[in-house]
Amino acid sequence: MNNTNEMVVEFKSAAQNESFARMVVAAFITSTNPTLEEVSDVKTAVSEAVTNSIIHGYENRDGMIRIKAKVDGRKIYIEIIDEGNGIEDIKKAMEPLYTSRPEDERSGMGFSFMEAFMDGLEVESTYGKGTIVKMWKEIGVIRHQFE
């Protein structure tokens, strides 16, 4: 039996679709038999990436966000893709507490949360053309809290 599965879903960059993104990814990864904590971690990371696309990528204007997800055995791979503004300085954007929108009372912790809840994170962006956030996590791995 093949242990891989893939999906692509695309939706409008509207705030109400952030919860849809969380749910669709959570449902998709159920074949890995994740714990509730693992599902919560993935949903939080997806939520942060989608919210970044809506708020920073499209600045609350209409656009499309695409999620590509793959399950390979117990590993999950997720890409959040937008064709919005892109990120001028990825390294700076990924610094904890950095926000390009302080007037909106953003915490600047989105990428930090993604890194904390997933096993890996990569960000590719072309300023003026869009961003791809790539995340992955292995389900069922015992993680020690104080490594």
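Here the structure is a predicted model, which is why all the values come from computation and not from measurement.

## Some thoughts on the overall build of the chain
Next, step 1: A count of helical and extended segments in the chain gives four helices and five strands.
Next, step 2: Looking at the 147 residues of the chain, the share that counts as buried comes to 43%.
Next, step 3: Summarising the internal contacts of the chain: among those between residues at least 6 apart in sequence, 64% fall at separations of at least 24.
Next, step 4: Summed over all atoms, the accessible surface of the chain reaches about 8,600 Å², with 49% contributed by carbon and sulfur.

## Considering the packing of helix α1 (residues 17–28) against helix α2 (residues 36–57)
Next, step 1: It is the contact of α1 with α2, at a shortest axis distance of 9 Å, that shows an interaxial angle of 140 degrees. Between α1 and α2 lies a crossing of right-handed hand. Across from Glu 18, Ala 21, Arg 22, Met 23, Val 25 and Ala 26 in α1, the residues of α2 making contact are Val 39, Val 42, Lys 43, Thr 44, Val 46, Ser 47, Val 50 and Thr 51.
Next, step 2: Its residues placed into classes, the contact of α1 with α2 shows eight nonpolar, three polar and three charged.

## Observations regarding α2
Next, step 1: For α2, with 22 residues, the first-to-last C-alpha span of 30 Å sits near the 32 Å given by 1.5 Å per residue.
Next, step 2: Along α2, 16 of the 22 residues are buried, which leaves the element largely enclosed by surrounding structure.
Next, step 3: Looking one or two residues past α2, Glu 59 carries a phi angle of roughly 50 degrees, positive in sign.

## Here's the deal with α1
Next, step 1: Taking 1.5 Å of rise per residue, twelve residues should cover 16 Å, and α1 covers 16 Å from first to last C-alpha, within 8% of that figure.
Next, step 2: Among all positions in α1, only Asn 17, Glu 18, Ala 21, Val 25, Ala 26 and Phe 28 are buried.
Next, step 3: Where α1 is buried, its residues meet β1 (4–12), α2, β2 (64–72) and β3 (75–82).

## Quick look at the sheet that holds β3
Next, step 1: The five strands lie next to each other as β1-β2-β3-β5-β4, forming an open sheet whose pairing is antiparallel. Two strands bound the open sheet, and with one partner strand each, they are β1 and β4 (120–126). For this sheet, the mean inter-axis angle between neighbouring strands, taken without regard to orientation, is 10 degrees.
Next, step 2: Here β4 runs beside strand β5 (residues 130–138); their pairing, made up of seven bridges, is antiparallel. For Ser 125, the partnering residue across the bridge sits in β5 and is Thr 131.
Next, step 3: Relative to β1, α1 is tilted by about 170 degrees, and along the sheet it contacts β1, β2 and β3.

Calculation rules
- Residues numbered from 1 in each chain as written.
- Predicted model: local features only at pLDDT ≥ 70, side-chain atom pairs only at ≥ 80, totals over all residues.
- Heavy atoms only, no water.
- Helix = DSSP H or I, 4+ residues; strand = E, 2+ residues; numbered from the N terminus.
- Buried < 20%, exposed > 50% of the residue type's maximum accessible area, 1.4 Å probe, protein only.
- Contact = heavy atoms within 4.5 Å.
- Areas by Shrake-Rupley, 256 points an atom, 1.4 Å probe, with all protein chains shown as cover.
- Axes fitted to C-alpha atoms, helices over the stretch in contact; angles between N-to-C directions.
- Left-handed = near helix turned anticlockwise from the far one by under 90°.
- Nonpolar A, V, L, I, M, F, W, Y, C, P; charged D, E, K, R; others polar.
- Expected span 1.5 Å × (residues − 1).
- Pairing = 2+ DSSP bridges.

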